[in-house]
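# Structure assessment
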Amino acid sequence: MRTVEFADVVVRLRAAGCVFAEDEARLLVESGAPLGPMVERRAAGEPLEHVLGWAEFGGRRFLVEPGVFVPRHRSALLVRLAAGFARTGSVVLDLCCGSGALGATVAAQVPGIELHASDVQPAAVRCARRNVPGQVYEGDLCEPLPSRLRGRVDVLISNVPYVPTGDIRLLPPEAREHEPRTALDGGDDGLAVLRRVLAEAPSWLAIGGHLLFETSERQAPAAAREVRRAGLGGTVEHDDELDATVVLGGR
């Protein structure tokens, strides 16, 4: 790595307000891609992961491209809980899969699962098909799933959008301006997509199957009530270190 080149990138990123300018500059320089356009994109506010073409999650790199939701490290709680329910031979379904990083990480932790994933965004599906060791479907929630999966899903994870519509404007520009609205907007109270998942989940879950989804700590009580209304139980797990909250249900 050329010292002068690296220092110039750090200065440019710091001027653009990048908090971790040195770490980001190192990744950009080491990528081997033409540096000028990459620095310009990052300085203009595009997520680092979109500029690099990959996101790190669970110690592994996953392909992402512009317009695809970037997996957050707090989702490690969702993956850890899901992996705890899965066994070799389990059918695992990742709804609203985005890049597919969550389902793929469960598969890496529990060898031998049968993994399926779906997303409504074509760009996300393109990435997921390169990241996921399983079947990836394009469509709205369960709509594109093969009927043979009905009543067979042992673990259903769904990182549903849960930001209330009125709060979208409060998100960091990286998310608000560069990630798909459908991956962020959860409707007036942030629970609209969750309710749709809960309406469909019982017919897809196996007896004894588990449903897990991420939400905010503030929304968790209301989300758990929705799970109970659907007849699927409804408990809450929180991890202070990750600042992550997951609601669990089951058939």
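Reading guide: rules and limits
Residues numbered from 1 in each chain as written. Predicted model: local features only at pLDDT ≥ 70, side-chain atom pairs only at ≥ 80, totals over all residues. Heavy atoms only, no water. Pairing = 2+ DSSP bridges. Helix = DSSP H or I, 4+ residues; strand = E, 2+ residues; numbered from the N terminus. Axes fitted to C-alpha atoms, helices over the stretch in contact; angles between N-to-C directions. Contact = heavy atoms within 4.5 Å. Buried < 20%, exposed > 50% of the residue type's maximum accessible area, 1.4 Å probe, protein only. Right-handed = clockwise from strand over helix to strand, strands pointing away.

Strand order across the open sheet formed by 7 strands is E5-E4-E3-E6-E7-E9-E8, with mixed pairing between neighbours. Each having just a single partner strand, strand E5 (135-138) and strand E8 (235-239) make up the two edges of the open sheet. Averaged over all adjacent pairs, the angle separating strand axes in this sheet is 20 degrees, with direction ignored. Examined bridge by bridge, strand E4 (residues 114-119) and E5 share 4 bridges and lie parallel to one another. Residue pairing in the sheet places alanine 117 in a bridge with valine 136 of E5. Set on the sheet, helix H9 (residues 192-204) makes contact with strand E3 (91-95), strand E6 (153-158) and strand E7 (205-215); between it and E7 the angle comes to about 165 degrees. Taken strand by strand, helix H10 (residues 220-229) contacts E7, E8 and strand E9 (244-250), and its axis lies near 10 degrees from that of E9.

Those residues of helix H5 (residues 76-85) not exposed but buried are Leu77, Leu78, Val79, Leu81, Ala82 and Ala83. On its buried side, H5 packs onto strand E1 (54-57), helix H6 (101-109), E6, E7, E8 and E9.

E3 sits mainly inside the fold: 5 of its 5 residues count as buried. Burial along E3 is two-sided: Val91, Leu93 and Leu95 and Val92 and Asp94, pointing in opposite directions, are all buried. Two elements, E3 and E4, share 5 bridges in a ladder whose sense is parallel. Within E4, the position partnered with leucine 95 by the bridge is serine 118. You can see the chain leave E3, run along H6 and come back into E4, and the turn it takes is right-handed.

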